[in-house]
Amino acid sequence: MTGTPEDEVLHRFESGVCWITLNRPEAMNAVTWDQRERVIGLLAEASADPDVRAVVITATGKGFCAGADLRGSPAAPAERVVGDVARMIRLGAQRLITAVLDCEKPVIAAVNGTAAGIGAHLALACDLVIAAEPARFIEVFVRRGLVPDGGGAYLLPRLVGPQKAKELMFFGDAVPAAEAERLGLVNKVVPAEALEETAREWAERLAQGPTRALALTKQLVNASLDGDRATALAAEATAQELNMTTADANEGVASFVERRTPKYLGR
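Just so we're clear, the structure is a prediction, and the values are computed from it rather than from any experiment.

Some details on the overall build of the protein chain
Each helix and strand in the protein chain was counted, giving 12 helices and 10 strands. Against the compact-globule benchmark of 18 Å for 267 residues, the protein chain has a radius of gyration of 19 Å, which places it among compact chains. In terms of principal-axis extent, the alpha carbons of the protein chain reach across some 65 × 40 × 35 Å. Within the protein chain, buried positions represent 44% of all 267 residues. Expressed as a percentage of contacts within the protein chain between residues at least 6 apart in sequence, the contacts between residues at least 24 apart total 70%. As displayed, the protein chain has an accessible area near 14,100 Å², and 57% of this comes from carbon and sulfur atoms. The positive charge centre, built from 29 side chains, and the negative charge centre, built from 35, are 2 Å apart in the protein chain.

If you want it as structure tokens, here you go:
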């Protein structure tokens, strides 16, 4: 039986953290059209809500996300013409990955199990990745005779370099969590029973930080991979100019002068 989007993507807010949980464990959390739209919507809401200071994306059961589940998506046209597939990718998987990359709050992936295809890219698009020991990452597209989509060929070389990215994408082998950490795909690997608590500790630490400064830092780092030095330095100067208008920047400077712990409000 198919549940509602609210059942299949759980959402809660606590201690400044927005938790987004994929909840189709019987399908290894293969993401449907409705789930994708709900996740995109929740990320947009998190960006706009000043009370949200960090986001965690995780899942129930043994799988983080086994890729795309096309059931429940709008019906394909009777006759496919050139442009249909590109449009589907652009409006589908790419929108999901872009929503994570463009979210104005730091996003943590708490990867509980297999992350395959678009599921791997969903995790890798996040700002920080914590993986449970049983987790693994699979560039599964080649096994289906497909080109990686959902930003994979953009994300992976920036994390591991082009040669390793080609190896992972050409062979489609499963990468265990420990190896993913060694390669730089994962920030931290923890026992499965410690995953949620570790994600909570990291997220709540971020939620106590200067939220707008973190957003600008995220934008600078992401953009730096695509531009030249002059562009990066100009963006950095502009970001600092903008940041210095925030209450948190004033609090950070004042707390340093007064030799006390800063109290950031995310404003």
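Some points on the pairing of strand 3 (residues 54–59)
Most of strand 3 sits inside the fold, with six of its six residues counted as buried. Alternating residues of strand 3 divide into Ala54, Val56 and Thr58 and Val55, Ile57 and Ala59, and every residue in both groups is buried. Taken together, the six bridges between strand 2 (residues 17–22) and strand 3 define a ladder with parallel strand orientation. Across the sheet, residue Trp19 finds its bridge partner in strand 3, namely Val56. Once you follow strand 2 into helix 2 (residues 33–48) and on to strand 3, the crossover reads as right-handed.

Here's the deal with the packing of helix 10 (residues 211–224) against helix 11 (residues 229–243)
It is the contact of helix 10 with helix 11, at a shortest axis distance of 10 Å, that shows an interaxial angle of 170 degrees. By the angle between their axes, helix 10 is roughly antiparallel relative to helix 11. Packed against helix 10, whose contacting residues are Arg212, Ala213, Leu216 and Leu220, the element helix 11 presents Ala235, Glu236, Ala239, Leu242 and Asn243 at the interface.

Definitions and limits used
Residues numbered from 1 in each chain as written. Predicted model: local features only at pLDDT ≥ 70, side-chain atom pairs only at ≥ 80, totals over all residues. Heavy atoms only, no water. Helix = DSSP H or I, 4+ residues; strand = E, 2+ residues; numbered from the N terminus. Rg over C-alpha atoms; globule rule 2.2 N^0.38 Å. Buried < 20%, exposed > 50% of the residue type's maximum accessible area, 1.4 Å probe, protein only. Contact = heavy atoms within 4.5 Å. Areas by Shrake-Rupley, 256 points an atom, 1.4 Å probe, with all protein chains shown as cover. Lys, Arg positive; Asp, Glu negative; His and termini not counted. Charge placed at Lys NZ, Arg CZ, Asp CG, Glu CD. Pairing = 2+ DSSP bridges. Right-handed = clockwise from strand over helix to strand, strands pointing away. Axes fitted to C-alpha atoms, helices over the stretch in contact; angles between N-to-C directions. Parallel < 35°, antiparallel > 145°, perpendicular 65-115°, else oblique.

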